[in-house]
Each structure stands twice: as C-alpha cells, then as structure tokens.
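So you can see what is in the structure, the chains are spelled out below.
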Amino acid sequence: MGTLVEPALLLLLWQSVCAFDIPLEIRQPPTIIKQSVKDHIVDPKDTMVIECEAKGNPHPIFSWRRNGKYFNVARDAQTSMRRRSGTLDIYAWNNPEQYEAEYQCIASNQYGSAYSNKIRLRLYRPPVWPKEILEPVVVSAGLPLVLSCDPPPGPPKPETYWMSSCSYARPFNWPIQTAFPTMQPVRQDRRVSMGVNGDLYFSNVLVNDSAADYCCNARFPYKNVIQQKMPVVVKVLTTRTVTEAAPTWLSPTGSSSSVLVLLGEELLLECIAAGVPTPRITWTKDGDDLVVTPRMKVKNFNKMIQIPKASFEDVGEYTCTAANKIGYIEHTITVRVKAAPFWLEKPADLVLAPEENGRLVCRADGAPRPTVSWFINGEPVETATPQPNRQVSGDTLTLRSVTAENTAVYQCNASNQFGYLMANAFVNVLHATPRILGPRNELIKVVEGSRTLVDCRYFGSPVPELRWSKYGQGNLEGNRFKTYGNGTLEIKHIRIEDQGTYLCIVSNIAGRDENQVRIEVKEPTVIVTRPQDMKVIRGTDVRFECGVKTDVTTPVTTTWMKDKKQVTLGWRLTLDESNLVITNVNTGDEGNYTCVIKSELDQKSASARLMVMDRPDPPTNLELSDPYERTVRLSWVPGKSNHNPITEYLVQYDDDDWLPGKWRNLSTYPGNLNSVILHLIPFTYYEFRVIAINEIGMSRPSRPSMRFQSSGAPPDIIPKNLKGVGTWRNNMEISWEPLTYREWNGPHLKYLVWWRRKDSREEWKNATTKWLKYYIYDADTFTPYELKVQAVNDFGLGPESPVVIGYSGEDRKCLNFAAL
C-alpha cells in the first residue's frame, strides 16, 4: 500500500501538475518528440533508418545502445547519425544481418537524459518458397484431403490465396487476378475452404476436384509481393459408390484445445470437419447458443468466428459441433484473454520552484497486472543517488521541498510477460519570472452571441497566479466568464456591452507580466430571405433569393455553390445583389444550390433544390423475347422521367427492306409498362424503337432494337377480283389480283385455282401456279363454271375465295351465222 497523503498536500501536489507550455528558451531537460516503432521492419537494400528526435535546452546530444550495450556509432563505417538529431542511418553494404538487434536512443543534456522505447530492428527478407517438385496427390472420392501451404513466415505475416490452373510467372507487385490472369480462385463452400493457417481443406473430395494443379499464393504486405508455391496435382479415383461417413475433425484435432489472445488483437476460432455428407458446423458458448454480437462475424460457411478486437467478455468455452445424418462430434475451445500493459495515467512534465512539492503518477493496467519500475536518467531508482525528499510508492513518485538536485528525466516502465510501456517525464526545478507567451496587444473581432475564447498562455516558476480584468478593474469570474488553468478566458454568449479592453495579469514571487486584448463585438450575419425549392419547365428563368442582414462595419462576400462546387457565373448565371438568376434553365442546371454569405468573422448558408421538368430521356436496352408467328415481346429500361411522369410509350417499327429508316407508328402503351406484346405481320423483318411521352413532350427515340424476322404463316388474304372469261371457243382465262409482298406471310407464294362446271356433280379440279392467270383449254363452249382461288406458301394454304361464275369461250361460227 502507498503512503497516505494529507488532503492539503494532495491539493498542492495537483496544483503543481498544472499543464502549461514551457518555452524552449527556458533551460530544461530533454524530451523525445519522435521515435521509430518498437517492432521496426526495414529493407536492407535501402538505407535503414531508426528515428530519434528530441528537444531540450541546451539542445540534447544523442547516443545509442544496441542489445543493452553502448553502440559506438562514430566507429562503425556503415552507420551515421544525422546533425542535431539522434536518427540513425544504417547503410549495411556488408553483412546487414549484424544490425538485426534491439536499439535504444538516449537524448542527454546537463539537466537529464530521456530514453526512447527499445526498438527491435528486423530485416525484411524476400520470401522464397523452395523449388520442390510435389508428387501428385491421389485420393479416392469421398475421402477428406488437406493441401498444405506453409508460406515463408515473413515478416510481416503473409496473406494466402488458393488458385487452380496455376501460372508459373515470376512474383508481381499486383493483385493476384492481375498478376496471374490465367489462374482461377478455388471456389470455397461448406465442403472446401481455406483454414486460418492457409491450408486448403476438403471435407470430402469429388471427381471434379481433379485438377491439373492447385497452388498456394502468398502476398507479403511489406513490399506487396506475391509469391507462388510450386503447384500440386490432385487425382481423384472414382468408385461406383461413395461410402457415407460420420464427421471427423480436420482442424483442430481432438476434443478440446485452447486459444490465448491479447486484448484488442484479432481472435479467430475455427472448426473444419470431414465427413460424407458434408457436415454442418454449429457453435455454442458456455453451454448456450452463440449470440452473434456486432463485434463478431461468423464466416467461412459457419466454420470460423472472427472477433477483430478481442475483449475480456470474449473469455469462455466455445463448442463447435459438426453433424451429418450419420453422426456428430464436438470440440471445445477454451479462450483466454490477456493484455499487454496499457495506460491509465501517464506521468506529465513538472516545472517546480525550489521548496515546492510535486509527484509523478505512472498508472497502467494489463492482464496480468503490470509491474511498475522507476528510473532516473535511465538508472534504476533503487541504485540512483539517494535523495531524502524523494519517495517511490508503487505507481507514484513524490518529491517534497524540491531543490535543483531533483532536476532530471524520470522514466517509468510498466511491464508484464506480454509487453511493456515506457514514458519519460522531466522535473525542472527553477525560478522563472512570469512571462506571457504569444502575441501582444491583439485586436479580436467576434460575433455577438458566440462563445469567445481569449488566450493568455504563460509560464513562470513557481506557477504564477493569473487573473483577468476589464479595463484593469476587478476580476472576471462567474456567470458568463470562466478562466482556465492554461490562462484562456471564456466568455459565453458574448454581448455588445462586452466590447472593450481586457487585461491578463500573471504574477509570482519573482515578478509579474501583463498583456491587453481589445475585443470588438459585431452583429451576426443573418439570412433573412432564404432560397426556396423550385420545380420548373426547361427553358424558363429562375431566381434564387438570398436576402442578408449584416453588421454595417463588416463587409461580406456572397458565393453560390451547386452540389458543393462553386457556381461559375456567365451570361446564363448572374448575380443580382446576393440573388442568383438562371436564364433558360436546362436539365444540367438541376441540383442543390447554396448561397454562402461569408464575413471575416462568421459564415451563414442556405440551400434550395432546383428540379427541371423536361420531356423524358429515351428508353434504353431494348430486348426482344418470346417470338411467335404474329407476336413478339418487347422490353426496355425506362429513361428518366425528368420530374414529370411518363404517361405513355409509343412503339414504332421499320419493316421496309428496300427503304430502311422509314419509321411507322405501331401502337401506344400506358406509361407504367416497360414490357409489351407486339402484334406483327408474319415473315417480315422488323426493327423497333420506343418513344417516351409525358405532359411536356416526347423523348428522343430509343436506339433501335436488334433486327428481327417474325415467323412465317399461311396467307391471311384472299386474292381479289377473281373472274373467268373465255378467249376462244373451248377455253377460259381465270385471273385475279396478286397479293402484295407484305401479304405473303411466307416464302414461295403461289395460287391454288379451283374450277368445275356449274350445276354438275363433278369434283372440283385444281391447279397451282405462280402466275396471275390460269387457262382451261378443254372447256365446253360458253358454259358457266364455278371458280375459286386461294393463296399458298411454304407454311400452308390461305382462305378460299368466294365462288364466282365464269364462262368459257363462245363458238365464233355460230355467232357469225346468227349475225347473217
């Protein structure tokens, strides 16, 4: 237990710890301001740099320890120390391995020595897998398989990937998919997955797992280098049946294991099982179902629990169960969380006057609880020169009635088996006349109603008393005024009447100093007319208003922003006082507009949104599907409505093989559709396009669809104007009008002609022709015939025409005789 300290002394001790700036022109022990990390990895091909910078007065001189012993930098031809710095440059032309060691920098002047952390220098070694030839792995279908990776260890630890169809390229400083474009990542699922150790696990192999090669690739973060292991060929032997098997553990093995993780580090728990069918993994913690918290991720198809930053609440027994229809197994992982030391309170520098009291506190925690050791200028306090006024009690070092002999740099070290913390704090015992640091006789302009901070940084030893007054009269404290320990005066909700001259006075037994600050209080900038949201039709004019009230003595500037970028003024965008006018708006003007009113003291802004209504954008991505004889489905992606709803779509078509680009209207459809059935003419080439329509107008046409030919069908049309006329006494000419090409409905159009004597029981006779006339030569003279015709193509017969009556030719001799 530490010695109890009386309350009055405790108050005095805490007063002495008050933090304030120590001007560098005041003599003081060294302070280390920059150093390399504790675990420092360097490339021996480059200059190896170990940083160490410090300040102090006089300026410190630097020295180094290597593996706990003095390191004579001047006598090492491959090392040098930078001017007025402790930073080491190691060139390591020969035998760089000799420099892998633990280094510690010491910055010293006549008032003490500050120590850096112990910096472990490690050399980066280019990773190389041994050039081995791996024998093919032969395994029967249904059995488990583990392919080992074993990448070079680093430092730092590599990231691993499994690929198939491996390339044998050199290492690249690119992502794997770019470096090895022919490689394919191994697809992972419940059956196949990569473990935490980088190995590839197959719960059971299938025939299609046979591959020419599998290879493990490792990316080393320090240089972002990718290295590839020599590939291994997997051959899976097929069997007639795959024997079902109960689960067994691939990783970890056995029924139990334990994991130790440090507080704040990543915790990974993994269970991978073999079996047929592939087992499913479930988890419990301390006998209950695992509750997945936001700090936790369950990954790799339930085979892994990832906790990026472990905490003490993660301690417990995690049981994973692997089950399939044959059976189940369990494995319990006991998680322990320990902690390297971490700070609760670091010691702070002390400036004390002779006979003052002070203390340094070094509070740290960890698991197990760290041991605290104290040093003076790097020497253990136990062996340092005894001082009667110095007392160490655990994590606290107390000094009473200090003298110049107590000036030194004190180090505290908090250590446990998992790491250490070290901090330097100096004690500087001196008499110093108070002085105010920073600029003098400032003029500060502030806005009425704001929280105002007026600085008065100061230094002195003993710690000076400080007071603020207005016009040099009285003390400012209470209500809206507050003075902080570093000298800053806070005025809450400053008023016009607070304007005036303020005096900061610091004093101690060695003297006093003062500084005045003039405060001017200005009226705040206020936006009295704010811009309003607008929705307008393209081509109209817009005016965004931004009326401002400001302090008459404070000039302001007006800037307009559009979507966080400053508006460029021109012939269309102009300013009318602080108002923005946009002439002939277009869709490119749409966005959020903000007027920014800025003075030297404050800034105010107000925003409004401009929406420009316009005819729609054209539809895109036209697609044709579900083709039939006379229909096809047309789908599209609607374009932007431009703030006016699309009311309908017009579908146009082009079916002219000889005059392409002659678009005709097909049909209109409601504006809420984007997929319709089009009714077509069979055996016709089509292109389609779509136009969107809203109240403002029609969009530009979409890009045409792909060229499409509808399926063929039998003709629909009956040939018109069928007649039969005799041109000779025993013949008849049967004629009709042709179908247009659009009416063919299919290739190879012909006509099927039918005839028979009227009022006879004879069968219809027929003939097929591609011409528009057909002659009957064995007809009786001037005899009525029933006639009909129908069109026919490769897809079948069209409808029959109605029956008409035609007459064969008359006998010419009889006609002549009758005439006589």
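For the structure given in this document, a descriptive report is provided here.

Regarding the state of the cysteines
And then number 1: Considering all chains together, one arrives at 6 disulfides under this definition.
And then number 2: Linked covalently through their sulfurs, C362 and C412 form a disulfide whose S-S length is 2.1 Å. Sign of the S-S torsion, about 75° for the bond between C362 and C412, identifies this disulfide as right-handed. Of this pair, C362 sits in the loop between β32 (358-361) and β33 (363-367) while C412 sits in strand β38 (residues 408-416), placing them 50 residues apart in sequence.
And then number 3: Using a relative accessible area of 0% as the deciding quantity, one classes C362 as buried.

Some thoughts on the sheet that holds strand β57 (residues 591-598)
Hydrogen bonds between backbone groups are what pair the strands of a sheet, and the pairing can be parallel or antiparallel.
And then number 1: One open sheet holds the 5 strands; their spatial order is β50-β58-β57-β53-β54, and the pairing between them is mixed. For this open sheet the edge positions go to β50 (534-537) and β54 (565-566), each flanked by a neighbour on one side alone.
And then number 2: Two strands pair when backbone bridges link them, and β50 and strand β58 (residues 603-613) are joined in this way by 4 bridges, in the parallel orientation. Bridge pairing in β58 links K535 to M611.

Here's the deal with the packing of aromatic side chains
And then number 1: Across all of its chains, the model carries 14 aromatic pairs by this definition.
And then number 2: With a centroid separation of 6.4 Å and an interplanar angle of 80°, the aromatic rings of W64 and Y103 are classed as edge-to-face. Residue W64 is found in strand β5 (residues 61-66), and its partner Y103 is found in strand β9 (residues 102-109); the two are separated by 39 residues along the sequence.
And then number 3: Judged by relative accessible area, which is 1%, W64 ranks as buried.
And then number 4: Note on F782 and Y807: the rings are 5.3 Å apart at their centroids and 25° apart in plane angle, and the pair reads as stacked. Linking F782 in the loop between β70 (773-776) and β71 (784-793) with Y807 in strand β73 (residues 804-807), this pair joins segments that are 25 residues apart in sequence.
And then number 5: Taken together, W64, F71 and Y103 form an aromatic cluster joined through their ring pairs.
And then number 6: Of note, R66 hangs over the ring of F71, and the distance from its end group to the ring centre comes to 4.4 Å.
And then number 7: Directly above the aromatic system of W764 lies the positively charged group of K788, at a separation of 4.5 Å from the ring centroid.

Remarks on the pattern of salt bridges
And then number 1: Summed over the entire model, instances satisfying the criterion amount to 32 salt bridges.
And then number 2: Two residues, R191 and D209, come together in a salt bridge whose shortest N-O distance is 2.7 Å. With R191 in the loop between β15 (184-185) and β16 (192-194) and D209 in the loop between β17 (200-202) and β18 (211-220), this pair connects stretches of sequence that are 18 residues apart.
And then number 3: Judged by relative accessible area, R191 falls into the buried class, the value being 14%.
And then number 4: The class of D209 is buried, set by a relative accessible area of 6%.
And then number 5: The network of salt bridges with shared partners includes R295, E313 and D314.

With respect to the environment of P151
And then number 1: By secondary structure assignment, the location of P151 is in the loop between β13 (145-147) and β14 (159-164).
And then number 2: Given a relative accessible area of 22%, P151 falls into the partly exposed group.
And then number 3: When the C-alpha atoms of P151 and V128 are compared, they prove to be 8.5 Å apart, with 23 residues separating the residues in sequence.
And then number 4: With residues near it in sequence (within four places) discarded, P151 still touches W129, P158, T160 and A218.

Quick notes on the sheet that holds strand β36 (residues 390-393)
And then number 1: Taken in spatial order, the 3 strands of this open sheet run β32-β37-β36, and their pairing is antiparallel. Pairing within the sheet leaves two strands with one partner each, and these edge strands are β32 and β36. Each strand axis lies, on average, 15° off the axis of its neighbour in the sheet, ignoring direction.
And then number 2: Note: β36 against strand β37 (residues 396-399), 4 bridges, orientation antiparallel. Considered in β37, the bridge of Q391 is made with T398.

Thresholds, definitions, all that
- Residues numbered from 1 in each chain as written.
- Predicted model: local features only at pLDDT ≥ 70, side-chain atom pairs only at ≥ 80, totals over all residues.
- Heavy atoms only, no water.
- Disulfide = S-S within 2.5 Å.
- Helix = DSSP H or I, 4+ residues; strand = E, 2+ residues; numbered from the N terminus.
- Buried < 20%, exposed > 50% of the residue type's maximum accessible area, 1.4 Å probe, protein only.
- Pairing = 2+ DSSP bridges.
- Phe/Tyr/Trp six-rings, centres within 6.5 Å; stacked < 30°, edge-to-face > 60°.
- Lys NZ or Arg CZ within 6 Å of the ring centre and 35° of its normal.
- Salt bridge = Lys/Arg side-chain N within 4 Å of Asp/Glu carboxyl O.
- Contact = heavy atoms within 4.5 Å.
- Axes fitted to C-alpha atoms, helices over the stretch in contact; angles between N-to-C directions.

Distances and angles like these do not, on their own, reveal function.
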